[in-house]
Every structure is written in C-alpha cells, then in structure tokens.
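Structural overview
Listed below are the residues making up each chain.
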Amino acid sequence: MDTLLTILKPICQRGMNLSLKKCLVSILQAMIVSWSVSILKLASECSSGAGVMSVVRRIERFLARGLIKQHEAARSILDALPGSGRLILSMDGTSWKLGKFKYYVLAVGICFNGISLPICFAFLPGHDITSFVDEIEIMERVVPLIGRERIECLLADREFGNANFIKWLQINHIRYCLRLRENLFVRKEGAEKGRKLREVLASLKTGESIVLRDVWLMRKNTRVRIYATRRTGRDGEESLIILASPLECDYTEVLYRRRWTLETAFRGLKTAGFNMEQTHLKGKRFENLLVLLMIAFAAAFIEGLVRIESLPIPLIRKRNVRRISIFRYGYINLLHDFWTIVKNEAAKPT
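Everything quoted here is computed from the prediction, not taken from an experiment. Every residue gets a number counted from 1 within its own chain, in the order that chain's sequence is written. This being a predicted model, a pLDDT of at least 70 is required before a residue's local features are given, and a value of 80 or more before pairs of side-chain atoms are given or counted; all residues contribute to the totals for chains, interfaces and linings. Excluding hydrogens and water, the side-chain values take into account all heavy atoms of the structure.

**Considerations on the overall build of the chain**
Assigned secondary structure in the chain consists of twelve helices and twelve strands. For a compact globule of 350 residues, the expected C-alpha radius of gyration is about 20 Å, and the chain comes in at 23 Å, within 12% of that figure. Overall, the chain is about 85 × 45 × 40 Å in size when its C-alpha atoms are taken along their principal axes. The criterion used for residue contact is that any of the two residues' heavy atoms lie within 4.5 Å. For the chain, long-range pairs separated by at least 24 residues make up 61% of all intrachain contacts whose partners lie at least 6 apart in sequence. Total accessible area computed for the chain in this model is approximately 17700 Å², and 50% of it derives from carbon and sulfur atoms. Where the 55 positive side-chain charges of the chain centre and where its 34 negative ones centre are 4 Å apart. Comment: elements are numbered from the N terminus, with helices defined as DSSP H or I runs of at least four residues and strands as E runs of at least two. Atoms counted for the radius of gyration: C-alpha only. Globule rule: 2.2 Å times residue count to the power 0.38. Note on areas: these come from Shrake-Rupley sampling with a 1.4 Å probe, and a residue is covered only by the protein chains present in the view. Charge assignment: positive for Lys and Arg, negative for Asp and Glu; neither His nor the chain ends contribute. By convention, charge coordinates are those of NZ in Lys, CZ in Arg, CG in Asp, or CD in Glu.

**Considering the pattern of salt bridges**
When a carboxyl oxygen of Asp or Glu lies within 4 Å of a side-chain nitrogen of Lys or Arg, that pair is called a salt bridge. Scanning the entire structure with this criterion turns up nine salt bridges. A salt bridge links Arg175 to Glu152; the nearest nitrogen and oxygen atoms lie 4.0 Å apart. In this pair, Arg175 sits in the loop between helix 7 (163-171) and strand 5 (176-179) while Glu152 sits in strand 4 (residues 151-156), placing the two residues 23 residues apart along the sequence. The shortest N-O distance in the salt bridge between Arg307 and Glu303 comes to 2.6 Å. Of the two residues, Arg307 and Glu303 are both situated in helix 11 (residues 283-310); the distance of four residues between them amounts to about one turn of the helix.

**Remarks on the pairing of strand 5**
Buried residues are those whose accessible area, probed at 1.4 Å on protein chains only, stays under 20% of the maximum for their type, while exposed residues exceed 50% and partly exposed ones sit between those limits. Here strand 5 shows a buried face lined by Tyr176 and Leu178 and a second buried face lined by Cys177 and Arg179. Here, any two strands with at least 2 DSSP bridges between them count as paired. The sheet contact formed by strand 4 and strand 5 spans three bridges and is parallel. Its bridge partner lying in strand 5, Leu155 is registered against Cys177. Crossovers are described as right-handed under a simple rule: with the strands pointing away from the observer, the path leading from the first strand over the helix to the second runs clockwise. For the crossover that starts at strand 4, traverses helix 7 and ends in the parallel strand 5, the hand is right-handed. In this sheet, strand 10 (residues 238-245) lies alongside strand 5 in antiparallel orientation, the contact comprising two bridges. What sits directly across from Arg179, in strand 10, is Leu243.

**Some details on unusual backbone geometry**
Look at Trp35: it is not a glycine, yet its phi comes out positive at around 50 degrees. Mapped onto the fold, Trp35 is located in the loop between helix 2 (18-34) and helix 3 (39-45). Positive phi outside glycine occurs at His173, with the angle close to 55 degrees. Counting through the fold element by element, His173 comes out in the loop between helix 7 and strand 5. Assessed through its relative accessible area of 67%, His173 is described here as exposed.

**Notes on helix 10 (residues 260-269)**
Looking at helix 10, one finds that the buried residues are Thr261, Leu262, Ala265, Phe266, Gly268 and Leu269. Taken down its axis, helix 10 places every buried residue within 155 degrees of arc, on the same side. What the arc describes is the spread of directions from the helix axis to the C-beta atoms.

**Here's the deal with a nonpolar patch on the surface**
A cluster of nonpolar residues, Leu40, Val52 and Met53, forms a patch on the protein surface that exposes about 280 Å² of accessible area. With respect to the secondary-structure elements, Leu40 resides in helix 3. In this analysis, a patch consists of residues with relative accessible area above 30% that form no salt bridge, clustered at 9 Å for like charges and at 5 Å for the nonpolar side chains Val, Leu, Ile, Met, Phe, Trp and Tyr.

**Some thoughts on the sheet that holds strand 4**
Read across the sheet, ten strands follow the order 3-2-1-4-5-10-9-8-6-7 without closing on themselves; strand pairing throughout is mixed. In this open sheet, the two edge strands, each paired with only one partner strand, are strand 3 (115-123) and strand 7 (195-196). One ladder, built from eight bridges, connects strand 9 (residues 222-232) with strand 10; its direction is antiparallel. In the strand pairing of strand 10, Arg231 is matched with Ser239. Running at roughly 125 degrees to strand 3, helix 6 (residues 132-146) makes contact with strand 1 (87-98), strand 2 (101-112), strand 3 and strand 4 of the sheet. Simply put, an axis is a line fit to the C-alpha atoms, just over the touching stretch for a helix, and the angle between two N-to-C directions goes from 0 to 180 degrees. Along the sheet, helix 11 makes contact with strand 1, strand 2 and strand 3, crossing strand 3 at roughly 170 degrees.

**Section: the environment of Ala191**
Note that Ala191 resides in the loop between strand 6 (185-188) and strand 7. As for Ala191 and Leu106, which are separated by 85 residues in sequence, their C-alpha atoms are 37 Å apart.

**Structural notes on the packing of helix 2 against helix 4 (residues 52-65)**
It is the contact of helix 2 with helix 4, at a shortest axis distance of 11 Å, that shows an interaxial angle of 105 degrees. In this view, helix 2 runs roughly perpendicular relative to helix 4, as classed from their interaxial angle. Facing helix 2, whose interface residues are Ser19, Leu20, Cys23, Leu24 and Ile27, helix 4 presents Arg58, Ile59, Phe62 and Arg65. Roughly parallel means an angle under 35 degrees; roughly antiparallel means over 145; roughly perpendicular covers 65 to 115; every other angle is labelled oblique.

The values are spatial; any link to function lies outside them.
What follows is the structure, encoded as structure tokens:
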C-alpha cells in the first residue's frame, strides 16, 4: 500500500484531521478490495465496528464535503509518476445510463506504458457529446497542471476534431493530432470553394497514405496539415483515417493509435476494473467520487510500474505480450499488501 499512501500524503497534509484521513484511506482500500464504487459495497468492506448503514451515511457525508480537490489529487499523482520527460495526452469521453439519468464523463489522460492515466475529469450529466466549450474548459485545467512546455501532443477522436478547438490549441501553442470527420469542408490554398474531405480523398486507394499541406478548414480559417490513409480493419471493412496536426509536425496513424490507451483506462474504470457504472450518485457527490476513483486507479497502475522493476511480468511467448496488464499487476500487489496488513493486525495479541 506504499504507493497509495505516497499519493495521499501531500493531500492529507492540507488541513485534514485524523478522523477524515482514516475515512479517506478506508474508502480507497474498500474500492480496491471490492472493485466497486457502490456505496453499499464500500461500506461493507470498510474496516469499522459500526453498522453498514452508519458507514454508508459516513461515506456519503465525506463525498458531499468534497475535501479533496481534483487538481490537488492530479498533482500528487504526477509527482508519484516516474519520469520527467514530455507527455502525450489523450482526450475522450464515456457515457452510460442509469434509469432515466444519463452520465457523461470527459477525461484527459497521460499516455504512459500502454495505458492512459486519467488526471482530469469533467462530469457533464445529460450529454451525449461534448461542445468545444467543454473541451477548452478541461484543457484550461490541464495545461497549468502539467505545464505547456511538458505537453508533447494531444490525441483525440473525431468528436473533438472541430475548427474551434483546433484554433484554441494553435493559439495556445499546443501540438495536436486529431481525427477529422469525412464530411468536414476544407479548401486548398488559393481555392475559392471548399469540398468535403471524402471528396478530396476519393482517389486514395486501400493501403495508400497522403499528406495535404497548407489546407484551410472552412470554419475559423484555420490552416492545418492533413494526413490521410485508407486501410482495411479487422472486420474486413475499409476505413478512412484523416488526421489534422500543425504544419510543422509529421504525425501519422502510428501516433494516433495511442489514443486507444484512454479506452483501455475506461475499461479499467468500468467493466474490467472498478465498475464505475454501479454508482447511483449524482452531481457533486459523483464528481468527488471520480477524484477518489482517479487516485485508486493511479495507485494500482503506479504500483505495477514499481513492481515490474524488480519482478517483470511474464510474457506470452507466441505473441510476445505480457500475461496481464501493468494495471492488473499493480492491483494484485495492492490487494496482497492490504490482506497482509489485515492478517498482521489480527495476529497481534489483544
């Protein structure tokens, strides 16, 4: 549990009394043990002599107070992350329904060792997609946190490849590799009329790639470099991948593929990990729960990074891939440490 306590140490030093510190650690330990964010499951796993419903109310009161700010937790996670080089960021959103209520979470993560470590969330209830205002707002929180000079590039899918957001990135000197929609209108330098990207790239054959320089997006008169490739997917269907980046960059789909690491992180937060979709919380309590979930996820991943230094994960020889992910490896070790502590406490003479 050393990694978890390392992340929590600077957070707990900011005016939190002993009772609240114990409650925080208990909630995070319960998340790791139960692989859930359900308040009832957390309460049943929390080490306390009180009744389950009493612990439920205590957890709800803790979440309502919002004692841990997201930027403080993110800064502590960044300090615990090994390495000090430039960072590739990825942006994506995930949504689900619970009854009539619709959840939508927009996240920005750091691409690191095959996964993306979420460091900033925005909860947008009732949304299906984001607007460029939401995208700019979350980046305005991320940039001061990391530092503009440390951001190598931002990766994002077609949902975020709009002219307004690209213009903001250019003004703030942030490099990007964003996928564009095929029906987006562009015009070449000197041309009066615009055409849809699918028409411009209609002659591109399967397996071929092309780079269009000095292309203007019709809205905002934003000049970008466009890279396009047509390929056949695993399902046998053809797909046209169109990427926008600054004129001076040479980004291709090789870099863009790393965007999927945030999808992997969402799996760890949802069905393949902490089961985020089990929550019934809304509003501020859910936002505060996301901060704790971010800490628990980061603790498991960083614990895995630390452990593989001394005991690497075995490989599957035929495919030359790890038998389990770094995130799952770290989680197993966190769980082992927790139960070791429990056994040691039980073995002490009363």
